[in-house]
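Each chain is listed here by its residues.
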Amino acid sequence: MKQPALKPNERELIKLIRFFSKRAARLMEEGELSAEHTQMTAACENLETQLITHAANRAAIMDKRERLLNIIEDNAQCPKCNKADMLKRTGATTNEHGWKCNTYKCRRCNTAFTWNRPNNPWDMVEFLEMYIGQLQLAMAAEQNQDVINHTEDAVAQMKDSLSRLRPVLQTSDEEVDALQQKEKEMDKLIHQFKTYLQIEKIKLNAYPGEEDAEEEEEDNQ
């Protein structure tokens, strides 16, 4: 199973943890593993498990978030030739409503433009709410019943899409907020435990070069 991506401080702590785990294994073989070393080794192994679990959870939440960010399809067209086959996305910008929109260049017409539709579902919710309001105002002044019926169907579909999209986005926001809080807690724990292990490492009566050899082995894994 592939190990989830770790942040630099997490990698550094796991490197220290494994140094002490190997040292404990060696002391056990030599019959010199004290109760204190046993307790510290158990704490290290427990923390490593927490770090790996947290990293996997973080990766899953951010992967879901990334997929949500990319569910919007622009269907952009060049404003000059009204075609889409030669468009190249060049980046993104923020429009007058504060929505993030994609920018394009048409290689046929050499025209650069912003597709004035949100490129993400969070801004798309606001866009659809505004668009529904505009359609409802237009219906109030419309005389043609066929147009009214068609518009009513379109509004109903958009409202249905919004009712399904909002809870998904809310869940994602809540997951990210909880993750950010957990990240702060883990960063504090990592800092404290890393400081403790670094002090313990300095205090070790190790053979000359032993620590460097162990660390080099960890780097190569």
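Structure: see above.
Residues numbered from 1 in each chain as written. Predicted model: local features only at pLDDT ≥ 70, side-chain atom pairs only at ≥ 80, totals over all residues. Heavy atoms only, no water.

### Here's the deal with the overall build of the protein chain
Phase 1 of the analysis: Helix and strand counts for the protein chain come out as 5 helices and 3 strands.
Phase 2 of the analysis: Shown N-terminal to C-terminal, the secondary structure of the protein chain runs as helices and strands in the order α-α-β-β-β-α-α-α.
Phase 3 of the analysis: Computed over its C-alpha atoms, the radius of gyration of the protein chain comes to 28 Å, more than 25% above the 17 Å expected for a compact globule of 221 residues.
Phase 4 of the analysis: Principal axes of the C-alpha set define a box for the protein chain whose edges measure 95 × 40 × 30 Å.
Phase 5 of the analysis: Looking at the protein chain as a whole, 33% of its 221 residues are labelled buried.
Phase 6 of the analysis: Restricting the contact set of the protein chain to residue pairs at least 6 apart, pairs at least 24 apart contribute 63%.
Phase 7 of the analysis: Accessible area of the protein chain: about 14500 Å², with a carbon and sulfur share of 51%.
Phase 8 of the analysis: Computing the positive centroid from 30 side-chain charges and the negative centroid from 39, the protein chain places the two 6 Å apart. (Helix = DSSP H or I, 4+ residues; strand = E, 2+ residues; numbered from the N terminus. Rg over C-alpha atoms; globule rule 2.2 N^0.38 Å. Buried < 20%, exposed > 50% of the residue type's maximum accessible area, 1.4 Å probe, protein only. Contact = heavy atoms within 4.5 Å. Areas by Shrake-Rupley, 256 points an atom, 1.4 Å probe, with all protein chains shown as cover. Lys, Arg positive; Asp, Glu negative; His and termini not counted. Charge placed at Lys NZ, Arg CZ, Asp CG, Glu CD.)

### A word on the environment of Asp 146
Phase 1 of the analysis: Along the chain, Asp 146 turns up in helix α4 (residues 145-203).
Phase 2 of the analysis: Overall, the relative accessible area of 61% leaves Asp 146 in the exposed class.
Phase 3 of the analysis: Between the C-alpha atoms of Asp 146 and Ser 161, which are 15 residues apart in sequence, the distance is 23 Å.

### A word on the packing of helix α1 (residues 8-29) against α4
Phase 1 of the analysis: The N-to-C vectors of α1 and α4 enclose an angle of 40°; their axes lie 10 Å apart at closest approach. When the interaxial angle is binned, α1 and α4 end up oblique. As α1 runs across α4, the sense of the crossing is left-handed. Taken together, the residues of α4 that come into contact with α1 (itself represented by Asn 9, Glu 10, Glu 12, Leu 13, Leu 16, Ile 17, Phe 19 and Phe 20) are Glu 183, Asp 187, Ile 190, Phe 193, Lys 194, Leu 197, Gln 198, Glu 200 and Lys 201.
Phase 2 of the analysis: Tallied by class, the residues present in the contact of α1 with α4 amount to 8 nonpolar, 2 polar and 7 charged. (Axes fitted to C-alpha atoms, helices over the stretch in contact; angles between N-to-C directions. Parallel < 35°, antiparallel > 145°, perpendicular 65-115°, else oblique. Left-handed = near helix turned anticlockwise from the far one by under 90°. Nonpolar A, V, L, I, M, F, W, Y, C, P; charged D, E, K, R; others polar.)

### Some details on helix α3 (residues 121-141)
Phase 1 of the analysis: In this model α3 runs 30 Å from its N-terminal to its C-terminal C-alpha over 21 residues, within 8% of the 30 Å that 1.5 Å per residue would give.
Phase 2 of the analysis: Within the span of α3, buried status applies to Pro 121, Trp 122, Asp 123, Met 124, Val 125, Phe 127, Leu 128, Ile 132, Leu 135 and Met 139.
Phase 3 of the analysis: Those residues of α3 that are buried lie in contact with α2 (35-69), β2 (100-106), β3 (111-118) and α4.
Phase 4 of the analysis: Its side-chain oxygen at 3.2 Å from the backbone nitrogen of Trp 122, Asn 120 defines the N-terminal cap of α3. (Expected span 1.5 Å × (residues − 1). Polar contact = N/O pair within 3.5 Å; in protein donor to acceptor, adjacent residues only side chain to side chain.)

### Here we look at the packing of aromatic side chains
Phase 1 of the analysis: For the coordinates displayed, the defined rule picks out 5 aromatic pairs.
Phase 2 of the analysis: The interplanar angle of 25° and the centroid separation of 5.8 Å between the aromatic rings of Tyr 104 and Phe 113 together place this pair among those described as stacked. The two residues Tyr 104 and Phe 113 agree in class, both being buried.
Phase 3 of the analysis: An aromatic cluster is built from Trp 99, Phe 127 and Tyr 131, whose rings are joined through pairwise contacts.
Phase 4 of the analysis: Positioned above the aromatic ring of Phe 19, the side-chain terminus of Lys 201 is 4.6 Å from the ring centre. (Phe/Tyr/Trp six-rings, centres within 6.5 Å; stacked < 30°, edge-to-face > 60°. Lys NZ or Arg CZ within 6 Å of the ring centre and 35° of its normal.)

These figures capture arrangement, not role.
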